[in-house]
Amino acid sequence: MSLRVRFAPSPTGYLHVGGARTALFNWLLARRAAGTFILRVEDTDADRSSEEMVQAILDGMEWLGLDWDEGPHFQSRGLDRHRADVSALVGSGAAYFDFTSPDELARLRTDDPDRALRFPREAADAVGADDAAKRSAAGEPHAVRFRVPDGETRWDDRVHGAMRFQNADLEDFVLLRTDGTPTYNLAVASDDAEQEISLVIRGDDHISNTPKQILIHEALGRSAPEYAHVPMILGPDGKRLSKRHGATAVGDYSAEGILSDAMVNFLALLGWSPGTDEEVMTREQLVERFSIDRVLKKSAVFDPTKLLWLNGQHLSRTPPEELVERVLVEMGELEAIARRESEANPEWFLGLLNLLKSRARRTVDLAEQARVYIVDTIDYDQDAITKHWKKDPQAVTVRMEALRERFSDVAWREEPLESELRALAEELKVGAGKLIHPLRVAVTGQAVSPGIFEVLVFMGRERTLTRLDRALNRLMTMAPRDEP
């Protein structure tokens, strides 16, 4: 039988990091094994599910590039099948009607504290099968419970190994609520059988559900799928990842300038190891190397710093052509101006992105750095001014004036620009850095940038000279005035 896996989110919230990681593991395994990846939306909680959340989940999957082969299937559309499975279980004696009211159940458990976690099955059995059927047919409200057999339930978990649950520790759990809707475990077992799921990959928090689902499969005469329970994701503080740790919906990371390839790479390493020290991997490499056997048992830690580092690595390796549209949009109020610049001189804009992307961690950082080359005026970083201008503004002024004169008619290429600057440094008997650092502040407003001569070429002669003039005006206000 070919591999069939599924991702089954509940549309009661956005696609969060844990769910995205589970979806990715299923997708990677399906792609490596030429299997089938099924998307199933578990929307039976009508009060909390919404079309908005369904769309948010689909958008998140599409952003991550996790294409599905079947679906999305909606669990709510399988209600008739769910009820048919419950009827079969009742017919075989594996399940029974429960007419116990909530108040009566609370009283029974109060009277017998030892039964606090166990449903008093004998109360339901005392009704008798025939009477129960008649009361059910008459429309008397009731639930349907699974009759947990004696013994134990075992499975060989693909991550944790041999697992064993004592059935005595399981209550006769509800299959069908009094309103006729199926419970989670019944619906999941029914859907997994209908969709011929061969391996269920999901989080550790579902381990307690697994023996119940296996028992349902067995009672219906079906083979249960294999199971692989992957480790939970913790925040940097060691607690379960939540909103207090920052963005948890994957769509939020896109808005923050994270590339989908980087997020996929990052998620894959949360609880899985390729068996080497390599960390930066493409989707193709992840598909080739992914294996359930290398999924770790211990919880993974979400490290935002590592995500930014990985994103920077992927950003530096991304062809500039693939970044243009995203960077333009992230220019904000400068988008129209930047778009005109890009359309008028596309090679220049691609070269600019290529120059800047190796120093950026996020696409929003790349857009912010690119702004400097497009706007007419820039803001000066105060620390940069303090470090490179304020110590001796008179000397800096003299050097920038001389440099501006040299740059006014030099060929505007890296080699001539560098030659002129270094020749001037020799004439002034100062190191080249005494010119380069103040110049960088003058044309970019920052203390750091890509190579200054590359910056000048992309800035262009006119914009560079204009900024030198503005810098000289600023420097003159800083220089001490002679006494009259």
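Residues numbered from 1 in each chain as written. Predicted model: local features only at pLDDT ≥ 70, side-chain atom pairs only at ≥ 80, totals over all residues. Heavy atoms only, no water.

## Observations regarding the overall build of the chain
Next, step 1: Along the chain, the regular secondary structure elements total 22 helices and 12 strands.
Next, step 2: Taking 484 residues into account, the globule formula puts the C-alpha radius of gyration at 23 Å, and the chain, at 33 Å, lies well above it.
Next, step 3: With the C-alpha coordinates aligned to their principal axes, the bounding extent of the chain is approximately 110 × 50 × 40 Å.
Next, step 4: Within the chain, buried positions represent 48% of all 484 residues.
Next, step 5: Expressed as a percentage of contacts within the chain between residues at least 6 apart in sequence, the contacts between residues at least 24 apart total 75%.
Next, step 6: Total accessible area on the chain stands at roughly 23600 Å², and carbon and sulfur atoms take up 48% of it.
Next, step 7: Within the chain, the 81 negative side-chain charges are centred at a point lying 4 Å from the centre of the 62 positive side-chain charges. (Helix = DSSP H or I, 4+ residues; strand = E, 2+ residues; numbered from the N terminus. Rg over C-alpha atoms; globule rule 2.2 N^0.38 Å. Buried < 20%, exposed > 50% of the residue type's maximum accessible area, 1.4 Å probe, protein only. Contact = heavy atoms within 4.5 Å. Areas by Shrake-Rupley, 256 points an atom, 1.4 Å probe, with all protein chains shown as cover. Lys, Arg positive; Asp, Glu negative; His and termini not counted. Charge placed at Lys NZ, Arg CZ, Asp CG, Glu CD.)

## Notes on the pattern of salt bridges
Next, step 1: For the structure on display, the rule yields 30 salt bridges.
Next, step 2: For Arg 154, the salt bridge goes to Glu 152, with nearest N and O atoms at 2.4 Å.
Next, step 3: Residues participating in the shared-partner salt-bridge network are Arg 6, Arg 40, Glu 42, Arg 81, Asp 191, Asp 192 and Glu 194. (Salt bridge = Lys/Arg side-chain N within 4 Å of Asp/Glu carboxyl O.)

## Quick notes on the sheet that holds strand β3 (residues 70-74)
What holds strands together in a sheet is hydrogen bonding between their backbones, with the strands either parallel or antiparallel.
Next, step 1: Across the sheet, three strands lie side by side as β1-β2-β3; this open sheet has parallel pairing. The open sheet terminates on both sides in strands that have one partner only, identified here as β1 (4-7) and β3. Neighbour-to-neighbour, the strand axes of the sheet open up by a mean angle of 25°, direction not taken into account.
Next, step 2: Here three bridges tie strand β2 (residues 36-41) to β3, and the two strands are oriented parallel to one another. Residue pairing for β3: Ile 38 is matched across the bridge by Glu 70. (Pairing = 2+ DSSP bridges. Axes fitted to C-alpha atoms, helices over the stretch in contact; angles between N-to-C directions.)

## Looking at the pairing of β2
Next, step 1: A large share of β2 lies buried, amounting to six of its six residues.
Next, step 2: Covered by surrounding structure in β2 are Thr 36, Ile 38 and Arg 40 together with Phe 37, Leu 39 and Val 41, the residues of both alternating faces.
Next, step 3: In the sheet, β1 pairs with β2 via four bridges, with the strands oriented parallel. Within β2, the residue paired with Val 5 across the bridge is Phe 37.
Next, step 4: Handedness of the β1-helix α1 (residues 17-32)-β2 crossover: right-handed. (Right-handed = clockwise from strand over helix to strand, strands pointing away.)

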